[in-house]
Amino acid sequence: MSGPTVRGEWVRTSRVTRSDGAVLYLHGSGYVVCSSRTHRGLTSQIADRTGLPVFSIDYRLAPSARFPAASDDARAAWDWLLAKGHDPARVVVAGDSAGGHLALLLALQLAREGEPLPAALVTLSPLVDTTLRGGTIRDRIERDPFAAAAVAQRALGGYFDHPAAHHAARIDFTDVDCFPPTLVHNGSREMLAGDCTELTRRLRAAGFEAKHRVWPGLMHVFQAMTAVFPESDAALSDIAEFITGRLPTTTGHRDLEATA
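Reading guide: rules and limits
- Residues numbered from 1 in each chain as written.
- Predicted model: local features only at pLDDT ≥ 70, side-chain atom pairs only at ≥ 80, totals over all residues.
- Heavy atoms only, no water.
- Buried < 20%, exposed > 50% of the residue type's maximum accessible area, 1.4 Å probe, protein only.
- Helix = DSSP H or I, 4+ residues; strand = E, 2+ residues; numbered from the N terminus.
- Arc of directions from axis to C-beta.
- Contact = heavy atoms within 4.5 Å.
- Axes fitted to C-alpha atoms, helices over the stretch in contact; angles between N-to-C directions.
- Parallel < 35°, antiparallel > 145°, perpendicular 65-115°, else oblique.
- Left-handed = near helix turned anticlockwise from the far one by under 90°.
- Nonpolar A, V, L, I, M, F, W, Y, C, P; charged D, E, K, R; others polar.
- Phe/Tyr/Trp six-rings, centres within 6.5 Å; stacked < 30°, edge-to-face > 60°.
- Lys NZ or Arg CZ within 6 Å of the ring centre and 35° of its normal.
- Salt bridge = Lys/Arg side-chain N within 4 Å of Asp/Glu carboxyl O.
- pLDDT = per-residue confidence, 0-100.
- Pairing = 2+ DSSP bridges.
- Core = buried A, V, L, I, M, F, W, Y, C linked by side-chain atoms within 4.5 Å.

Moving on, we get to helix α1 (residues 40-50). An α-helical turn contains 3.6 residues, so any two residues separated by three or four positions project in the same direction. Regarding α1, the residues found buried are L42, T43, I46, A47 and T50. Looking straight down α1, one finds its buried side chains confined to an arc of 135 degrees; they lie on one side. Turning to α1, the residues buried within the fold contact β1 (8-11), β2 (22-26), β3 (54-57), β4 (91-96), β5 (120-124) and α7 (231-246).

What follows is the structure, given as C-alpha coordinates:
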(Lines give C-alpha, C1' and ligand atoms only; values in the text may rest on other atoms or scores of the structure.)
Protein backbone atom coordinates (compact mmCIF):
# COMPACT_ATOMS: atom_id res chain seq x y z
CA MET A 1 0.00 0.00 0.00
CA SER A 2 1.35 3.44 -0.89
CA GLY A 3 1.85 6.03 1.81
CA PRO A 4 0.24 9.46 2.18
CA THR A 5 0.51 11.91 -0.70
CA VAL A 6 2.95 14.73 0.02
CA ARG A 7 1.34 18.11 -0.60
CA GLY A 8 2.84 21.51 -0.01
CA GLU A 9 4.92 24.25 -1.53
CA TRP A 10 8.53 25.31 -1.74
CA VAL A 11 9.01 28.86 -0.49
CA ARG A 12 11.92 30.72 -2.06
CA THR A 13 12.55 34.46 -1.95
CA SER A 14 15.11 36.51 -3.86
CA ARG A 15 17.49 36.04 -0.92
CA VAL A 16 17.38 32.24 -1.00
CA THR A 17 20.82 31.44 -2.38
CA ARG A 18 21.64 28.18 -0.61
CA SER A 19 21.10 24.65 -1.83
CA ASP A 20 22.99 22.89 0.96
CA GLY A 21 20.05 22.49 3.32
CA ALA A 22 16.35 23.12 3.83
CA VAL A 23 13.65 23.86 6.37
CA LEU A 24 10.60 21.60 6.63
CA TYR A 25 7.74 23.75 7.97
CA LEU A 26 4.61 22.42 9.69
CA HIS A 27 1.87 25.03 10.10
CA GLY A 28 -0.32 25.38 13.17
CA SER A 29 -3.98 26.16 13.97
CA GLY A 30 -5.29 23.31 16.05
CA TYR A 31 -5.14 20.54 13.44
CA VAL A 32 -8.33 21.92 11.87
CA VAL A 33 -7.52 25.00 9.75
CA CYS A 34 -4.77 26.85 7.87
CA SER A 35 -2.36 25.71 5.21
CA SER A 36 0.97 26.42 3.59
CA ARG A 37 -0.71 29.41 1.91
CA THR A 38 -1.95 31.03 5.14
CA HIS A 39 1.55 30.71 6.60
CA ARG A 40 3.39 31.95 3.53
CA GLY A 41 4.23 35.24 5.19
CA LEU A 42 5.99 33.46 8.04
CA THR A 43 7.72 30.87 5.88
CA SER A 44 8.86 33.60 3.47
CA GLN A 45 10.46 35.44 6.38
CA ILE A 46 12.30 32.29 7.45
CA ALA A 47 13.49 31.65 3.89
CA ASP A 48 14.53 35.27 3.41
CA ARG A 49 16.50 35.46 6.66
CA THR A 50 18.23 32.08 6.42
CA GLY A 51 18.85 31.95 2.68
CA LEU A 52 17.41 28.43 2.74
CA PRO A 53 14.44 27.02 0.82
CA VAL A 54 11.46 26.15 3.01
CA PHE A 55 9.14 23.28 2.21
CA SER A 56 5.78 24.03 3.85
CA ILE A 57 3.44 21.04 3.87
CA ASP A 58 -0.33 20.74 3.70
CA TYR A 59 -1.18 17.90 6.04
CA ARG A 60 -4.67 16.46 6.40
CA LEU A 61 -6.97 18.30 8.80
CA ALA A 62 -9.84 17.41 11.12
CA PRO A 63 -12.70 16.69 11.08
CA SER A 64 -12.22 14.71 7.86
CA ALA A 65 -8.89 13.35 9.12
CA ARG A 66 -8.17 12.20 12.67
CA PHE A 67 -5.01 11.31 14.57
CA PRO A 68 -2.47 10.20 13.36
CA ALA A 69 -3.16 11.51 9.82
CA ALA A 70 -1.18 14.74 10.26
CA SER A 71 1.75 12.88 11.80
CA ASP A 72 1.71 10.39 8.94
CA ASP A 73 1.79 13.28 6.48
CA ALA A 74 4.68 14.97 8.29
CA ARG A 75 6.65 11.72 8.20
CA ALA A 76 5.83 11.28 4.50
CA ALA A 77 7.14 14.79 3.79
CA TRP A 78 10.33 14.03 5.74
CA ASP A 79 10.86 10.78 3.84
CA TRP A 80 10.14 12.57 0.53
CA LEU A 81 12.81 15.18 1.23
CA LEU A 82 15.36 12.47 1.99
CA ALA A 83 14.38 10.56 -1.14
CA LYS A 84 15.00 13.75 -3.14
CA GLY A 85 18.58 13.80 -1.84
CA HIS A 86 18.42 16.01 1.21
CA ASP A 87 20.82 15.09 3.99
CA PRO A 88 18.73 14.74 7.20
CA ALA A 89 21.56 16.37 9.14
CA ARG A 90 21.03 19.48 7.00
CA VAL A 91 17.26 19.78 7.39
CA VAL A 92 15.69 21.80 10.20
CA VAL A 93 12.08 21.00 11.10
CA ALA A 94 10.04 23.99 12.27
CA GLY A 95 6.44 24.54 13.24
CA ASP A 96 4.08 26.75 15.19
CA SER A 97 1.39 25.72 17.68
CA ALA A 98 0.00 22.36 16.49
CA GLY A 99 2.79 22.37 13.91
CA GLY A 100 5.31 22.60 16.75
CA HIS A 101 3.65 19.57 18.29
CA LEU A 102 3.91 17.77 14.94
CA ALA A 103 7.60 18.63 14.71
CA LEU A 104 8.20 17.14 18.16
CA LEU A 105 6.23 13.99 17.31
CA LEU A 106 8.19 13.55 14.08
CA ALA A 107 11.54 13.82 15.82
CA LEU A 108 10.41 11.45 18.57
CA GLN A 109 9.26 8.89 16.00
CA LEU A 110 12.60 9.07 14.18
CA ALA A 111 14.53 8.78 17.44
CA ARG A 112 12.51 5.75 18.58
CA GLU A 113 13.10 4.04 15.23
CA GLY A 114 16.82 4.76 15.26
CA GLU A 115 16.52 6.87 12.11
CA PRO A 116 18.70 9.91 11.31
CA LEU A 117 17.43 13.03 13.03
CA PRO A 118 16.93 16.57 11.77
CA ALA A 119 19.71 19.06 12.43
CA ALA A 120 17.41 20.93 14.81
CA LEU A 121 13.82 21.80 15.67
CA VAL A 122 12.22 25.23 15.86
CA THR A 123 8.97 25.29 17.84
CA LEU A 124 6.92 28.48 18.07
CA SER A 125 4.28 28.39 20.81
CA PRO A 126 4.21 24.59 20.56
CA LEU A 127 1.29 22.53 21.80
CA VAL A 128 2.36 19.98 24.41
CA ASP A 129 -0.77 19.03 26.38
CA THR A 130 -3.25 17.96 23.69
CA THR A 131 -6.14 17.82 26.17
CA LEU A 132 -5.59 21.42 27.31
CA ARG A 133 -6.74 20.27 30.74
CA GLY A 134 -3.46 20.19 32.57
CA GLY A 135 -2.17 22.64 35.12
CA THR A 136 0.04 24.21 32.50
CA ILE A 137 -2.86 26.19 31.01
CA ARG A 138 -5.64 25.99 33.57
CA ASP A 139 -5.02 29.58 34.70
CA ARG A 140 -4.70 30.96 31.15
CA ILE A 141 -8.25 30.63 29.86
CA GLU A 142 -8.68 34.35 29.21
CA ARG A 143 -5.02 35.32 29.09
CA ASP A 144 -4.32 35.20 25.34
CA PRO A 145 -6.27 37.68 23.16
CA PHE A 146 -5.40 35.69 20.04
CA ALA A 147 -6.01 32.04 20.97
CA ALA A 148 -8.73 31.08 23.43
CA ALA A 149 -8.22 27.83 25.33
CA ALA A 150 -11.89 26.82 25.15
CA VAL A 151 -11.96 27.19 21.36
CA ALA A 152 -8.66 25.37 20.99
CA GLN A 153 -9.87 22.52 23.19
CA ARG A 154 -12.93 21.97 20.98
CA ALA A 155 -10.77 22.06 17.84
CA LEU A 156 -8.26 19.58 19.20
CA GLY A 157 -11.08 17.28 20.27
CA GLY A 158 -12.00 16.89 16.62
CA TYR A 159 -8.58 15.52 15.81
CA PHE A 160 -7.71 13.66 18.99
CA ASP A 161 -11.10 11.97 19.20
CA HIS A 162 -10.18 9.18 21.62
CA PRO A 163 -8.22 9.02 24.91
CA ALA A 164 -5.74 6.65 23.27
CA ALA A 165 -4.94 9.33 20.70
CA HIS A 166 -4.03 11.83 23.40
CA HIS A 167 -1.83 9.22 25.04
CA ALA A 168 -0.09 8.34 21.77
CA ALA A 169 0.56 12.03 21.06
CA ARG A 170 2.20 12.71 24.44
CA ILE A 171 5.55 14.48 24.27
CA ASP A 172 7.73 12.12 26.30
CA PHE A 173 11.52 11.89 26.07
CA THR A 174 12.07 9.15 28.63
CA ASP A 175 12.41 6.38 26.01
CA VAL A 176 14.82 8.11 23.60
CA ASP A 177 18.55 8.60 23.93
CA CYS A 178 18.99 11.29 21.28
CA PHE A 179 17.01 14.30 20.14
CA PRO A 180 17.72 17.39 17.99
CA PRO A 181 18.65 20.71 19.59
CA THR A 182 15.38 22.56 20.01
CA LEU A 183 14.43 26.25 19.99
CA VAL A 184 11.26 27.11 21.90
CA HIS A 185 9.59 30.52 21.52
CA ASN A 186 6.49 31.82 23.24
CA GLY A 187 4.86 35.02 24.34
CA SER A 188 4.30 35.58 28.04
CA ARG A 189 0.57 36.29 27.57
CA GLU A 190 -0.38 33.19 25.66
CA MET A 191 -2.29 30.16 26.87
CA LEU A 192 0.55 27.80 25.94
CA ALA A 193 3.23 29.64 27.90
CA GLY A 194 3.19 26.95 30.57
CA ASP A 195 3.37 24.21 27.94
CA CYS A 196 6.52 25.80 26.52
CA THR A 197 8.13 25.97 29.94
CA GLU A 198 7.21 22.34 30.58
CA LEU A 199 8.57 21.26 27.20
CA THR A 200 11.89 22.95 27.94
CA ARG A 201 12.01 21.31 31.36
CA ARG A 202 11.37 17.85 29.90
CA LEU A 203 14.02 18.30 27.22
CA ARG A 204 16.67 19.45 29.66
CA ALA A 205 15.75 16.79 32.21
CA ALA A 206 16.35 14.18 29.50
CA GLY A 207 19.75 15.68 28.77
CA PHE A 208 18.86 17.35 25.48
CA GLU A 209 19.67 20.86 24.31
CA ALA A 210 16.84 23.38 24.51
CA LYS A 211 16.92 27.14 24.01
CA HIS A 212 13.84 28.86 25.41
CA ARG A 213 12.93 32.48 24.66
CA VAL A 214 9.94 34.15 26.31
CA TRP A 215 8.78 37.42 24.76
CA PRO A 216 7.12 39.66 27.41
CA GLY A 217 3.58 40.83 26.79
CA LEU A 218 3.15 38.98 23.50
CA MET A 219 0.63 36.43 22.31
CA HIS A 220 0.41 33.14 20.47
CA VAL A 221 2.65 32.91 17.34
CA PHE A 222 3.33 36.64 17.34
CA GLN A 223 6.26 35.98 14.99
CA ALA A 224 3.79 35.88 12.10
CA MET A 225 2.59 39.43 12.82
CA THR A 226 5.53 41.52 11.70
CA ALA A 227 3.26 44.39 10.67
CA VAL A 228 1.81 44.60 14.19
CA PHE A 229 4.56 43.73 16.63
CA PRO A 230 8.09 45.16 16.30
CA GLU A 231 9.31 42.31 18.48
CA SER A 232 8.49 39.90 15.66
CA ASP A 233 11.53 41.14 13.78
CA ALA A 234 13.85 40.31 16.67
CA ALA A 235 12.17 36.93 17.11
CA LEU A 236 12.60 36.06 13.43
CA SER A 237 16.24 37.10 13.61
CA ASP A 238 16.68 34.78 16.59
CA ILE A 239 15.05 31.93 14.65
CA ALA A 240 17.29 32.55 11.63
CA GLU A 241 20.41 32.69 13.78
CA PHE A 242 19.48 29.39 15.42
CA ILE A 243 18.83 27.69 12.06
CA THR A 244 21.94 28.96 10.31
CA GLY A 245 24.01 28.10 13.37
CA ARG A 246 22.91 24.48 12.95
CA LEU A 247 23.36 24.54 9.18
CA PRO A 248 26.69 26.24 8.47
CA THR A 249 27.28 26.96 4.82
CA THR A 250 28.87 24.16 2.81
CA THR A 251 30.00 23.85 -0.78
CA GLY A 252 29.54 21.17 -3.38
CA HIS A 253 25.93 20.31 -2.51
CA ARG A 254 23.89 19.68 -5.63
CA ASP A 255 20.70 21.57 -6.38
CA LEU A 256 17.58 19.75 -5.22
CA GLU A 257 13.97 19.62 -6.30
CA ALA A 258 12.28 23.02 -6.37
CA THR A 259 8.72 21.79 -6.60
CA ALA A 260 6.64 19.22 -4.78
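Before going further, it helps to examine the packing of helix α2 (residues 69-83) against helix α3 (residues 98-112). α3 packs onto α2 with a crossing angle of 65 degrees between their chain directions and a minimal axis gap of 10 Å. Here α2 lies roughly perpendicular to α3, going by the angle between them. Seen from above, α2 lies across α3 with right-handed handedness. Contacts from A70, S71, A74, R75 and W78 of α2 reach α3 at L102, L105, L106, Q109 and L110. Of the residues assigned to the contact of α2 with α3, the class counts are seven nonpolar, two polar and one charged.

One pass over the full model with this rule turns up 12 aromatic pairs. With 5.6 Å between their ring centres and 35 degrees between their planes, F67 and F160 make a pair best called tilted. Of this pair, F67 sits in the loop between β3 and α2 while F160 is found in the loop between α4 (149-159) and α5 (163-168), placing the two residues 93 residues apart along the sequence. Given a relative accessible area of 22%, F67 falls into the partly exposed group. On the accessibility criterion, F160 (2% relative accessible area) is buried. When the centroid spacing of 6.2 Å and the interplanar angle of 70 degrees are considered together, the rings of F173 and F208 count as edge-to-face. With a gap of 35 residues between them, F173 in the loop between α5 and β6 (182-187) and F208 in the loop between α6 (193-205) and β7 (210-215) connect regions that are remote in the sequence. As far as burial versus exposure is concerned, F173 and F208 are alike and both buried. Each residue in the set Y31, Y59, F67, Y159 and F160 is aromatic and connected to the rest through ring pairs, giving one cluster. The cationic tip of R12 hangs over the ring face of W10; the distance from NZ or CZ to the ring centre is 5.5 Å.

The next thing to look at is the pattern of salt bridges. Considering all chains together, one arrives at 16 salt bridges under this definition. Close ionic contact of D233 with R49 constitutes a salt bridge, the shortest N to O distance being 2.6 Å. Taken as a pair, D233 in helix α7 and R49 in helix α1 lie far apart in primary sequence, 184 residues in all. A salt bridge links R213 to D238, with the shortest nitrogen-to-oxygen separation between them at 3.3 Å. Pair noted here: R213 is in strand β7 and D238 is in helix α7, with a separation of 25 residues, a long-range link.

This brings us to the confidence of the model for the protein chain. On average, residues of the protein chain carry a pLDDT of 91, and 90% of them reach 70 or more. For the stretch residues 252-260, pLDDT sits under 50, and the model shows 23 contacts to residues farther than four places along the chain or on other chains.

This part takes up the sheet that holds β5. Strands sit in the order β1-β3-β2-β4-β5-β6-β7 across an open sheet of seven strands; the sheet is mixed. Looking at the sheet topology across the chains shown, the edges are occupied by β1 and β7. The mean inter-strand angle of the sheet, taken between neighbouring strand axes irrespective of direction, is 15 degrees. Summarising the sheet, β4 and β5 pair through five bridges and their orientation is parallel. Opposite V92, over in β5, you have A120 as the bridge partner. Packed onto the sheet, α2 meets β1, β2, β3 and β4 and runs at close to 150 degrees relative to β3.

Another point: the nonpolar core. Grouped together as the largest cluster of nonpolar side chains are 51 residues, with contacts concentrated most on L24, Y31, F173 and F179. Elements that contribute at least two residues to this core include exactly β2, β3, α2, β4, α3, α4 and α6. With 10 residues, α3 is the single largest residue contributor to this core. Other than its neighbours up to four places away in sequence, F179 contacts L104, A107, L108, L117, L121, F173, L203 and F208. Among the nonpolar cores identified, the runner-up in size contains 21 residues, and V11, L42, A47 and L52 belong to it.

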